[in-house]
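# Residue-level structure breakdown
Each chain is listed here by its residues.
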Amino acid sequence: MDTQRKKGVLEICVLAALQREPSYGYRIVGEISPCIEVSESTLYPILRRLEASGCVSTFSREHNGRLRKYYRIEPPGREKIREFLGEAEQMRRIYQYIEEESK
Amino acid sequence: MKREEFLRQLAAALVSLSDAERACVIDYYREMICDGVENGKDEEELIAGFGNPREIAAQILKESREGFQEHEVPAESPQAGSAGAARAAPEESVYPARGAVHTVVVAAQNTAVELRPVQGGPVTVRFTPGTNDHVEVYEQGGVFSFRQTMTFSVFHWRDLFSRPRRICVDIPASFAGEIRASTGNARLRAAGLGSLRAMTLSSSNGHLSAEGFRCENLRARTSNGALELRGMRGGACTAQTSNGRATAEGCVFRDALSLRSSNGAVCAQDVESDHIEFTTSNGSVSAVIRGDMREYAVRSRTSNASNTLPPELAYPGQKKSLDVRTSNGRIDVRFAPAQA
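A brief report on the enclosed structure follows. Keep in mind it's a predicted model, so treat the numbers as computed, not measured.

### A look at the overall build of chain A
- Summing up its helical and strand segments, chain A has 4 helices and 3 strands in all.
- The buried share of chain A, reckoned over its 103 residues, is 40%.
- Considering only contacts within chain A whose residues lie at least 6 apart along the sequence, 49% involve residues at least 24 apart.
- With an accessible surface of roughly 6200 Å², chain A has 51% of that area assigned to carbon and sulfur atoms.

Given below as structure tokens:
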């Protein structure tokens, strides 16, 4: 997948992983990697970007004697998921057209 | 590569980032390593999977130029409710002990430590971690341990104007166990605590003080700072400084009181103990001891200055002792009647 597009899709996947409950870096990687290839090092800039744009907020919680950073989805993040899903129908039509023309 | 080496290389490659942003990256990777290892992964394999620290840093620097920093709220105009505002004014973190605790261990680096009394509640550490602080807390078998280290130490002129960094430890009045606290290059202070079984205070270059509580076995040690004990009670006390002044005022230690310095003065006012020892090499010793001199087997020595005590004066059957030594200072030790 083209990197720019993958970046955008990854953002949505991360947001989706946070929909049910707040989560932390390691778990997010584990959760979305079966669906899309992601490494710890690609996740960091995505989380920071989502945080900077207000799509997620963070808080720390103690775990095994250290602090673990949790990410929580915020309304702008949920809005982003809705937008993405809303585009799906349009994308399907585009795919269909390209497929038809490529036959 | 092991984790500390990886984090060090990564931090070094990120020097052009702001302190806060760099700490954020380091915390992220440290957490990933901890979580991975806890889930049974091999530390070195995991780290190899992250990629080369320089490449990771290059990617983060590029992304940070492109965008994720531009939304950050500048510190001068904090905006309510945004993620950036939380970083502009870092919040105090609270680390309470979960279970019953008999020993508290606090180890700090370049950060002042203050042990202070609270009415009730658990032993609690309060600290606002800075940009490159790393905090480890664990609790096991009644031992509560808080360790603060710094990934790397960067001096910034801004630090001169900010409030000194401090770790506060709340000790509930009912706590009667042991406390071990240490720091480097910063002040260490314990005041108004209840009654402790044992306490060890050590600082490498900082001022050290204990005030107004009871401790059965007190040990205090600093290298280049002053050492002060005020209104302390208990069994035995050993206080030592290398190049600072050692002071005790209004202290009663039933069994033993030892004040030592190498190059500083030793000064004791209104102290009481069965076995008293004042030692320094290049400073003077001045003291007022509450008690009757006739009960004490006295030994004193100075090479090059005046001395108010006899060099050696002991009778059979004396149960108390006073031992005063200095090489190049004056000795001025007097007795005053014990307080009623």
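### Comments concerning the side chain of B:S145
- Counting through the fold element by element, B:S145 comes out in strand 6 (residues 143-150).
- Not counting the four nearest positions on each side in its chain, B:S145 is found in contact with B:V105, B:E136, B:V137 and B:Y138.

### Some thoughts on the packing of helix 1 (residues 3-17) of chain A against helix 3 (residues 40-52) of chain A
All names here are of chain A.
- Running from N to C, helix 1 and helix 3 point in directions that differ by 70°, and their axes come no closer than 10 Å. The angle between helix 1 and helix 3 places the two elements in the roughly perpendicular class. Where helix 1 abuts helix 3, its residues K7, L10, E11, V14 and L15 lie against L43, I46, L47, R49 and L50.
- A breakdown of the residues in the contact of helix 1 with helix 3 according to their chemical character gives 7 nonpolar, no polar and 3 charged.

### A look at the sheet that holds strand 3 (residues 66-73) of chain A
Residue and element names in this part refer to chain A.
- Pairing in this open sheet of 3 strands is antiparallel, and the strands run 1-3-2 from one edge to the other. In this open sheet, the two edge strands, each paired with only one partner strand, are strand 1 (23-24) and strand 2 (56-63).
- In this structure, strand 2 lies alongside strand 3, joined through 8 bridges in antiparallel fashion. Within strand 3, the position partnered with S60 by the bridge is K69.

### A word on the pattern of salt bridges
- This structure, assessed with the given rule, holds 42 salt bridges over all chains.
- A salt bridge links B:R299 to B:D323; its shortest N-O distance comes to 3.0 Å. In this pair, B:R299 is assigned in strand 18 (residues 296-301) and B:D323 in strand 20 (residues 320-325), connecting sequence segments 24 residues apart.
- Relative accessible area serves as the criterion here: at 39%, B:R299 is assigned to the partly exposed category.
- A residue is classified by how much of its surface remains accessible, and B:D323, at 17% relative accessible area, is buried.
- Overlapping salt bridges bring together A:K7, A:E11, A:R49, A:K80 and B:E63 as one network.

### Some thoughts on the environment of B:A287
Residues and elements named next belong to chain B.
- Within the element layout of this structure, A287 appears in strand 17 (residues 285-290).
- Here the alpha-carbon distance between A287 and I331, two residues 44 residues apart in the chain, equals 8.6 Å.
- The residues touching A287, leaving out its near neighbours within four places in the chain, are A268, F278, D332, V333 and R334.

### Examining unusual backbone geometry
- In this structure, A:N64 takes a positive phi of about 50° despite not being glycine.
- Tracing the backbone through its elements, the reader meets A:N64 in the loop between strand 2 and strand 3.

### Structural notes on the pairing of strand 18 of chain B
Residue and element names in this part refer to chain B.
- In this sheet, strand 20 lies alongside strand 18 in parallel orientation, the contact comprising 6 bridges. Residue pairing for strand 20: A297 is matched across the bridge by S321.
- Relative to strand 19 (residues 312-313), strand 18 is paired through 2 bridges, and the arrangement is antiparallel. Of the residues in strand 19, the one forming a bridge with R299 is E312.

### Brief notes about the pairing of strand 4 (residues 124-127) of chain B
Residue and element names in this part refer to chain B.
- Bridge analysis of strand 1 (residues 93-96) against strand 4 gives 4 bridges, and the strand direction is antiparallel. Bridging across to strand 4, V94 finds its partner in R126.
- Where strand 4 meets strand 7 (residues 166-172), 3 bridges bridge the pair, whose relative direction is antiparallel. Bridged to T124 within strand 7 is D170.

### Overview of the layout of surface pockets
- Its volume calculated, the second largest pocket comes out at about 350 Å³.
- In terms of lining, the second largest pocket is formed by 19 residues, of which the most central are A:T3, A:K7, A:T42, B:Q59 and B:E63.
- Within the residue set of the lining of the second largest pocket, elements represented by two or more residues are helix 1 and helix 3 of chain A together with helix 4 (53-68) of chain B.
- In terms of residues, the lining of the second largest pocket owes the most to one element, helix 4 of chain B, which gives 7 residues.
- For the lining of the second largest pocket, the per-class residue count stands at 6 nonpolar, 7 polar and 6 charged.

### Digging into helix 2 (residues 19-38) of chain B
Residue and element names in this part refer to chain B.
- The end-to-end C-alpha distance of helix 2 is 28 Å, a good match for the 28 Å that 20 residues give at a rise of 1.5 Å each.
- Of all 20 residues in helix 2, 15 are buried; the element is thus mostly enclosed.
- Phi turns positive one or two residues past the end of helix 2, at G40, with a value near 85°.

### Quick word on the interface of chain B and chain A
- The interface of chain B with chain A comprises 30 residues on the first partner and 24 residues on the second.
- For the pair chain B and chain A, the summed buried surface comes to about 2500 Å²; carbon and sulfur atoms form 53% of the total.
- At the boundary of chain B with chain A, the tally comes to 7 salt bridges.
- Between B:E38 and A:R66 there is a salt bridge; the shortest N-O distance is 2.9 Å.
- Remark: the boundary between chain B and chain A carries 14 residue pairs in polar contact (both at pLDDT 80 or more).
- Breaking the side of chain B that touches chain A down by element, the ones donating at least two residues are helix 2, helix 3 (43-50), helix 4, helix 5 (83-88), strand 1 and strand 5 (133-140) of chain B.
- Per element, the largest residue contribution to the side of chain B that touches chain A is 11 residues, and it comes from helix 2 of chain B.
- Tallied by class, residues from the side of chain B that touches chain A come to 15 nonpolar, 4 polar and 11 charged.

What counts, and at which threshold
Residues numbered from 1 in each chain as written. Chains lettered and ligands numbered in written order. Predicted model: local features only at pLDDT ≥ 70, side-chain atom pairs only at ≥ 80, totals over all residues. Heavy atoms only, no water. Helix = DSSP H or I, 4+ residues; strand = E, 2+ residues; numbered from the N terminus. Buried < 20%, exposed > 50% of the residue type's maximum accessible area, 1.4 Å probe, protein only. Contact = heavy atoms within 4.5 Å. Areas by Shrake-Rupley, 256 points an atom, 1.4 Å probe, with all protein chains shown as cover. Axes fitted to C-alpha atoms, helices over the stretch in contact; angles between N-to-C directions. Parallel < 35°, antiparallel > 145°, perpendicular 65-115°, else oblique. Nonpolar A, V, L, I, M, F, W, Y, C, P; charged D, E, K, R; others polar. Pairing = 2+ DSSP bridges. Salt bridge = Lys/Arg side-chain N within 4 Å of Asp/Glu carboxyl O. 1 Å grid on protein atoms, 1.4 Å probe; cavity = no way out; pocket = protein on both sides within 12 Å on 5 of 7 lines; lining within 4 Å. Points joined across faces, edges and corners; volume = space filled by probe spheres on them. Expected span 1.5 Å × (residues − 1). Buried area = accessible area lost by both parts, 1.4 Å probe. Polar contact = N/O pair within 3.5 Å; in protein donor to acceptor, adjacent residues only side chain to side chain.

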